[in-house]
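Each chain, written out:
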Amino acid sequence: MSGLLVGKRLLVTGVITDASIAFSVAKLAQDNGAQVVLTGYGRLSLVERIARRLPQPAPIIELDVTSPEQLAGLADQVREHVDGLDGVVHSIGFAPQSCLGGGFLDASWEDVATALHVSTYSYKSLAMAALPLMSPGGSVVGLTFDATKAWPVYDWMGVAKAGLESASRYLALHLGKKGIRSNLVAAGPLRTMAAKSIPGFEQFEQAWTERAPLGWSLTDQEPAARACLALMSDWFPATTGEIVHVDGGYHALGA
Ligand SMILES: NC(=O)c1ccc[n+]([C@@H]2O[C@H](COP(=O)([O-])OP(=O)(O)OC[C@H]3O[C@@H](n4cnc5c(N)ncnc54)[C@H](O)[C@@H]3O)[C@@H](O)[C@H]2O)c1
């Protein structure tokens, strides 16, 4: 077996369809020699069906990232399949409808709290749940959507992503002494189930399609997945607290 991730054992969250960024990560990781364990949320039979499309079988562990019980049991369940973890992928996001599509001024705290719990705090929760299996050289990677700007319809999800970006830096700070890295990939817009739940998402699609310096495909998850793989490989050994933009260069533009 050859490839970027030969011998690496990865935990990949967030597969729900074959358009999920996590699906591309899992597929490419297997193609590059990694052993992949998946977690699934909610519709587990659907996750099982999608996982059958991977090049190799991958075990699936149920994980609601807001469940303290499931987080507490995660390491033991992962150990049934692999004896340690070299990489953990957080590819999870959710916000109630009130938080998106222009609802910024009216969304309730309860709804915003849900968005922050699932999309922001969970990055730390997942890393801590996996920590007993990790050793120096390990890598945690998450997915963000450039949170340095206020986007037209992203609203509280944008705030959640700003928090995620900060949380990744703090994780880098606190896990650095254990030799574990934390980095994010800031992807451009991709047509996934999560994206479809954002009213007005086509505004992003149009902006990227028209303006990204390198051009942008709304249906090609592979560039973002490749960056996740690179960050879990041995080729970014001294990089942590970083955000790698995989957006066709859109973030570099002025108004
Ligand atoms: N699609 C885009 O345009 C885009 C751009 C930049 C970043 N991202 C980010 O990429 C990540 C993956 O999203 P995607 O676009 O692949 O969409 P997706 O819908 O395929 O994946 C989102 C995943 O989050 C999971 N999830 C939701 N609530 C959960 C919970 N409580 N516990 C565990 N899992 C839960 C879902 O089951 C799903 O698998 C998200 O963080 C998203 O914000 C997406």
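These notes cover the structure that comes with them. Every value quoted in this text rests on a predicted model; they were computed, and no experiment measured them. (Residues numbered from 1 in each chain as written. Predicted model: local features only at pLDDT ≥ 70, side-chain atom pairs only at ≥ 80, totals over all residues. Heavy atoms only, no water.)

Focus on the packing of aromatic side chains
Argument step 1. Enumeration over the complete set of coordinates arrives at 12 aromatic pairs.
Argument step 2. A ring pair is formed by phenylalanine 145 and phenylalanine 204, whose centres lie 5.0 Å apart and whose planes are at 65°; its orientation type is edge-to-face. Taken together, the residues span a long stretch of sequence, with phenylalanine 145 in the loop between β5 (134-144) and α5 (155-175) and phenylalanine 204 in helix α7 (residues 202-211) at a distance of 59 residues.
Argument step 3. On the basis of relative accessible area, phenylalanine 145 is assigned to the buried category, the value being 8%.
Argument step 4. Centroid distance tryptophan 151 to tyrosine 250: 6.3 Å. Interplanar angle 45°. Geometry classified as tilted. In this pair, tryptophan 151 sits in the loop between β5 and α5 while tyrosine 250 sits in the segment after β7 (243-246), placing the two residues 99 residues apart along the sequence. The pair tryptophan 151 / tyrosine 250 is uniform in exposure class, with both members buried.
Argument step 5. Through a chain of ring-to-ring contacts, three or more aromatic side chains come together here, namely Phe145, Trp151, Tyr154, Phe201, Phe204, Trp208 and Tyr250. (Phe/Tyr/Trp six-rings, centres within 6.5 Å; stacked < 30°, edge-to-face > 60°. Helix = DSSP H or I, 4+ residues; strand = E, 2+ residues; numbered from the N terminus. Buried < 20%, exposed > 50% of the residue type's maximum accessible area, 1.4 Å probe, protein only.)

Some remarks on the site of the ligand
Argument step 1. Around the ligand, a shell composed of 26 residues is seen, among which Gly14, Ser20, Lys161, Leu190 and Thr192 lie nearest.
Argument step 2. Within the side chain of serine 20, a nitrogen or oxygen atom sits 2.6 Å from an oxygen atom of the ligand.
Argument step 3. Interatomic distance of 2.9 Å between a backbone N/O atom of isoleucine 21 and an oxygen atom of the ligand.
Argument step 4. Alone, the ligand offers 820 Å² of accessible surface; in the complex the protein occludes 93% of this.
Argument step 5. In this structure, the ligand is accommodated by the largest pocket.
Argument step 6. Counting only elements with at least two residues in the shell around the ligand, the list comes to β5 and α6 (193-196). (Near = heavy atom within 4 Å. Polar contact = N/O pair within 3.5 Å; in protein donor to acceptor, adjacent residues only side chain to side chain. Areas by Shrake-Rupley, 256 points an atom, 1.4 Å probe, with all protein chains shown as cover. 1 Å grid on protein atoms, 1.4 Å probe; cavity = no way out; pocket = protein on both sides within 12 Å on 5 of 7 lines; lining within 4 Å. Sits in = over half its atoms within 2 Å of the grid points.)

Focus: the layout of surface pockets
Argument step 1. In this structure, the largest pocket occupies an estimated 1,100 Å³ of space.
Argument step 2. Counting residues per element, the ones that place at least two in the lining of the largest pocket are α1 (21-31), β2 (35-40), β5, α5 and α6.
Argument step 3. With 3 residues, the top contributor of residues to the lining of the largest pocket is α6.
Argument step 4. Here the residues of the lining of the largest pocket are counted per class, giving 24 nonpolar, 13 polar and 3 charged. (Points joined across faces, edges and corners; volume = space filled by probe spheres on them. Nonpolar A, V, L, I, M, F, W, Y, C, P; charged D, E, K, R; others polar.)

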